[in-house]
Amino acid sequence: MNSRMATLAGLMVAIFLTWGSASIAAEEIRLGAFFDLSGPASNIGTPTKLVAEMAVAEINKAGGVAGRPLKLVIGDTEGNPAKAATLAKKFIYQDKVAAIIGPTRTGTGMTVKPIVEKAGIPTFMTVGGDPIIMGGKYGSFEYVFKSPQRSETAVKRLFTYLRDKKLERVALLYAADSFGKDGAEWMEKLAPEFGITFAARESFGPQDTDMTPQLTRLRNDAPQAVICWTIGPAGAIVAKNRHQLGIELPLFQCHGLPDPKYIELAGAASEGDRMPSTKLLVAAQLPDSDPQKKTILNFIHLYDEVYDFDRQFPINTHSGYAWDAVTIVAEAIRKAGTEPKALRQAIENTKDFVGVSGIYNLTPEDHNGLDIDSMVMVEVRDGGFVLAR
Amino acid sequence: MNMPTLTDSLQFLFAGLTNGAIYALIALGFCVVHNTMGIVNFTQVDLVSLGGMFLYSALFLFGLPMPLALAGAVTAAAVTGMAVERVGIRPSRSDNHLVLIFLTIGLSVILRGIMKLAWGKNRMAVPPLTADEPIRLFGATILPQILWIFLLTAGAVLLLIWIFRRTTLGLCMRAVASNADAAAVVGIDGGRIRMISFAIAGGMGGLAGALVTPITTLSYDVGVLLGLKGFAAAILGGFGSFVGAVAGGVLLGVLESLAAAGLSSAYKDVIAFGLLLLVLFIRPAGLFGSAKR
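Residue numbers restart at each chain and count upward from 1, following the sequence in its written direction. A letter from A marks each chain and a number from 1 marks each ligand, given out in the order of writing. In keeping with the predicted nature of the model, local features appear solely for residues at pLDDT of at least 70, side-chain atom pairs appear and are counted solely at 80 or more, and the whole-chain, interface and lining totals rest on all residues.

**Quick notes on the overall build of chain B**
Then step 1. Only DSSP runs of H or I reaching four residues or more are called helices, and only runs of E reaching two or more are called strands; each is numbered from the N terminus. Within chain B one finds 11 helices and two strands.
Then step 2. C-alpha atoms of chain B, sized along the principal axes, occupy 65 × 50 × 35 Å.
Then step 3. For chain B, with 293 residues in total, the buried portion stands at 51%.
Then step 4. Put simply, 74% of the contacts in chain B that link residues at least 6 apart link residues at least 24 apart. Exposure in this text rests on C-beta crowding, where 20 or more other C-beta atoms within 10 Å of a residue's own make it buried, 12 or fewer make it exposed, and counts in between make it partly exposed. The C-beta atoms are placed from the backbone. Whether two residues are in contact depends on their C-beta atoms, placed from the backbone: they are in contact if these lie within 7 Å.

Below, the structure written as structure tokens:
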């Protein structure tokens with residue numbers, strides 16, 4: 001019995017020794033990174049992970065952060081909030097990460113939010129929804145940031161364009177899920193400011209396969225344009241249904257759809273559709289004076305040619321969000337180290353950071369830091385995206 | 001609310017028929033296996049996705065022309081159906097319905113995993129059988145693909161009814177369904193019959209997938225989303241009845257469309273499924289189902 005105990009103890013000591021020496025030798029800075037690598041949003045989560053890994057590899061190639069390499073600890077949220085919560089706790093209490101990147105969707109993000117707030121670990125999310133970085137009934141957001149534009153910013157960009165084009169009486173068609181409703185709420189709220197009125201409002205299920213009834217009803221209210229607010233294939237189906245019904249009204253999609261996939265799914269029916277987007281899709285057309293142009297072209301070069309991700313996941317409007325999240329966090333670690341409070345403050349003080357998705361100016365009140373100048377209106381022409389006239 | 005015009009009403013009806021035909025095709029596949037084994041075969045939803053996947057690969061990987069690609073997709077899905085029975089179901093040597101149903105659920109998850117690996121997680125676009133230009137009828141428009149769906153669904157139903165009522169194979173299938181032991185005594189190979197029924201179900205699912213994915217777009221889980229409605233349609237029609245499956249599908253589709261058009265687009269599913277429940281309260285066996293179970 002005694003000798004067995006001794007063996008066991010010896011074994012444990014040996015494990016602890018190797019464990020300890022390994023982490024001392026590497027001196028790496030760990031970042032937790034979790035996305036929807038499986039589940040319904042895996043087509044968004046998987047390329048996000050690839051880009052996060054690319055950003056880390058590039059940073060390490062350039063010597064790491066203050067001489068220490070970054071290391072991503074990857075997790076798969078499976079689109080499941082409970083799984084995401086478990087992973088977040090694992091990152092914080094077991095892996096002892098300095099910061100967390102992800103998750104992918106607003107729902108999982110909201111589950112993770114109170115956990116990282118309580119533990120005080122800076123978390124840079126790549127989710128679309130605004131409640132992540134809104135206070136009040138949505139809880140505190142001291143440690144939570146997000147790199148994609150707010151829905152509010154995209155709505156403002158779209159409305160500015162509509163006002164310029166004198167398209168002021170519009171019909172609204174949105175998905176009856178949290179993303180669609182969030183967009184619809186912002187549109188209703190911001191419409192008076194831009195002098196825009198709604199001729200009609202219709203909704204559909206995000207998994208519906210035919211929206212002709214809604215479009216037929218919209219047409220009868222004689223709007224000047226149709227705004228559709230949804231992500232996923234439903235947007236392409238709306239474009240095809242509009243073509244089927246012969247509705248000549250201009251169609252505007254939301255900032256979630258600028259993606260070569262949209263054109264592929266909707267085919268010729270997508271021709272002429274316009275939507276707010278990051279500059280990533282029209283980088284080549286940007287004037288040389290655009291301060292983001294160099295950063296974006298470099299990103300596209302890495303993505304397409306060096307890492308060769310484009311064959312499986314062609315670049316879309318979202319591709320840069322993980323890059324921006326990782327590089328902003330790395331920059332903040334360089335300035336303030338890994339002590340959570342100092343790191344959070346450094347992220348919050350990020351100013352004029354030229355990212356792929358925009359120029360970030362964060363403040364304690366604004367944990368996103370992008371304004372409408374980070375977006376452009378793009379249009380589908382000859383099967384590709386161009387800057388809208 | 002303003003009254004819809006006649007043209008608009010016709011458009012709503014067409015929209016309902018579009019969805020209805022899709023649900024009907026999926027419901028038919030559920031019925032075939034139910035009619036020989038008495039179980040709900042949940043791999044049906046993945047055979048639908050597979051039909052679309054095979055068509056996609058036949059067109060773009062092998063560059064086949066459309067008619068050949070369609071035939072290939074249906075055949076490949078039928079073979080997959082057979083493999084599911086032979087490799088997945090038969091080795092269990094069970095005739096406990098609950099065990100078999102759970103087996104199909106597990107197999108369904110496996111099939112979806114394989115599809116995700118083989119074809120990836122992205123949405124794909126499948127071209128329609130013929131040109132995509134809408135046809136005008138009395139001011140309303142309908143896609144040619146929908147007419148193809150109507151035509152081929154009708155053909156499939158007639159073929160199924162003919163097989164089940166007029167051929168020896170159909171007789172054997174019904175015999176195995178009503179009493180597998182007695183069928184074995186008179187020399188019917190139950191395993192072979194079940195495998196054939198899975199092949200037919202696979203073919204139906206594959207046809208459904210190949211026909212509907214040009215409208216819905218294609219991904220590895222597209223069948224799951226449509227399958228739920230197809231399942232509801234099959235129940236509405238009286239599970240197992242071919243005519244009932246078609247009627248149930250079309251009725252569900254039209255109800256949805258009219259609810260979206262006339263009352264509220266946000267609550268159309270609530271309205272459609274509420275009515276479905278109502279029908280089942282009055283006729284628990286479904287529209288065309290036999291009362292004895």
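Once the structure has been displayed, the description carries forward.
**Re the interface of chain A and chain B**
Then step 1. Counting from both sides, the interface comprises 27 residues of chain A and, opposite them, 26 residues of chain B.
Then step 2. Counting residues per element, the ones that place at least two in the side of chain A that touches chain B are α2 (42-61), β7 (197-204), α7 (212-220), α8 (234-245) and α9 (260-266) of chain A.
Then step 3. By residue class, the composition of the side of chain A that touches chain B is seven nonpolar, 15 polar and five charged. Ten residue types, Ala, Val, Leu, Ile, Met, Phe, Trp, Tyr, Cys and Pro, are classed as nonpolar, four, Asp, Glu, Lys and Arg, as charged, and the remainder, Gly among them, as polar.

**Let's talk about the domain arrangement of chain A**
Residues and elements named next belong to chain A.
Then step 1. In terms of domain boundaries, chain A breaks down into domain 1 (8-149 + 314-373) and domain 2 (152-254).
Then step 2. Start and end positions for the domains come from either an automated domain assignment or a database one. Distance between the C-alpha centres of domain 1 and domain 2: 33 Å.
Then step 3. Residue-level contacts link nine residues of domain 1 with nine residues of domain 2.
Then step 4. Grouping the constituent residues of the side of domain 1 that touches domain 2 by class yields two nonpolar, five polar and two charged.

**Observations concerning the environment of Val 157 of chain B**
All names here are of chain B.
Then step 1. Assignment of secondary structure puts Val 157 in helix α5 (residues 144-166).
Then step 2. Judged by the 19 C-beta atoms lying within 10 Å of it, Val 157 falls in the partly exposed class.
Then step 3. A C-alpha to C-alpha distance of 23 Å links Val 157 and Val 222, two positions 65 residues apart in sequence.
Then step 4. Apart from the residues lying within four places of it in its own chain, the contact partners of Val 157 are Leu 28, Phe 242 and Val 246.

**So, the environment of Ala 177 of chain B**
All names here are of chain B.
Then step 1. By the element assignment, Ala 177 lies in helix α6 (residues 168-178).
Then step 2. According to the C-beta neighbour criterion, Ala 177 is partly exposed, with 18 such atoms within 10 Å.
Then step 3. In this structure the C-alpha to C-alpha distance between Ala 177 and His 34, which are 143 residues apart in sequence, comes to 8.6 Å.

**Some words on the pairing of strand β6 (residues 169-175) of chain A**
Residue and element names in this part refer to chain A.
Then step 1. With six of seven residues buried, β6 is to be regarded as a mostly interior element.
Then step 2. Note on pairing: DSSP must find at least two bridges between two strands before they are called paired. The pairing of β6 with β7 spans seven bridges and is parallel. Looking at the pairing, Ala 175 lines up with Phe 204 of β7.
Then step 3. Note that the unit made of β6, helix α6 (residues 178-194) and β7 has a crossover that is right-handed. Handedness of a crossover: with both strands directed away from the viewer, a clockwise path from the first strand across the helix to the second marks it as right-handed.

**A word on the confidence of the model for chain A**
Predicted coordinates in regions of low pLDDT should not be interpreted in detail.
Then step 1. Along the chain, pLDDT gives the predictor's confidence residue by residue, from 0 to 100. Across chain A, the average pLDDT comes to 91, with 93% of residues at 70 or higher.
Then step 2. Contacts for the low-pLDDT stretch residues 20-25 of chain A, under 50 throughout, to residues beyond four places or in other chains number zero contacts.

**Here's the deal with the packing of helix α8 (residues 190-216) of chain B against helix α9 (residues 222-237) of chain B**
Residues and elements named next belong to chain B.
Then step 1. Between α8 and α9, whose axes approach to 12 Å, the crossing angle comes to 105 degrees. Taken together, the axes of α8 and α9 are roughly perpendicular relative to one another. Counted together, Gly 209, Val 212, Thr 213 and Thr 216 of α8 and Val 222, Gly 223 and Leu 226 of α9 form the full contact between these two elements. Only the stretch in contact is used when fitting a helix axis, every axis being a line fitted to C-alpha atoms; angles between N-to-C directions are given from 0 to 180 degrees. Should an angle lie under 35 degrees it is considered roughly parallel, over 145 roughly antiparallel, and from 65 to 115 roughly perpendicular; all remaining angles are considered oblique.

**Looking at the sheet that holds strand β2 (residues 70-76) of chain A**
All names here are of chain A.
Then step 1. Strands sit in the order β2-β1-β3-β4-β5 across an open sheet of five strands; the sheet is parallel. Of all strands in the sheet, those with a lone pairing partner are β2 and β5 (144-146), marking the two edges. Strand-to-strand twist of the sheet, defined as the mean angle between neighbouring strand axes without regard to direction, takes the value 25 degrees.
Then step 2. Running at roughly 170 degrees to strand β3 (residues 99-101), helix α11 (residues 321-336) makes contact with β1 (29-35), β2, β3 and β4 (123-125) of the sheet.

**What to know about helix α5 (residues 151-164) of chain A**
Residue and element names in this part refer to chain A.
Then step 1. Expected helix span is computed as 1.5 Å times (number of residues minus one). For α5, which comprises 14 residues, the first-to-last C-alpha distance of 20 Å matches the rise-based estimate of 20 Å (1.5 Å per residue) to within 8%.
Then step 2. Of all 14 residues that make up α5, 10 are buried, and the element is covered over most of its length.
Then step 3. Lys 166 lies just past α5 and shows a positive phi near 60 degrees.

**As for the nonpolar core**
Then step 1. Here a nonpolar core is just a set of buried residues of the types Ala, Val, Leu, Ile, Met, Phe, Trp, Tyr and Cys, joined wherever their C-beta atoms sit within 7 Å. The biggest cluster of nonpolar side chains holds 107 residues, and the ones touching the most others in it are Val 326 and Val 329 of chain A.
Then step 2. The biggest single contributor to this core is α11 of chain A, with 10 residues.
Then step 3. When residues of this core are assigned to domains, at least three fall in each of domain 1 (8-149 + 314-373) and domain 2 (152-254) of chain A.
Then step 4. Apart from the residues lying within four places of it in its own chain, the contact partners of Val 329 of chain A are Leu 31, Ala 99, Pro 122, Phe 124 and Ile 347 of chain A.
Then step 5. Judged by nonpolar contacts, the second largest core, of 92 residues, contains Phe 30, Leu 55, Ala 234 and Leu 258 of chain B.

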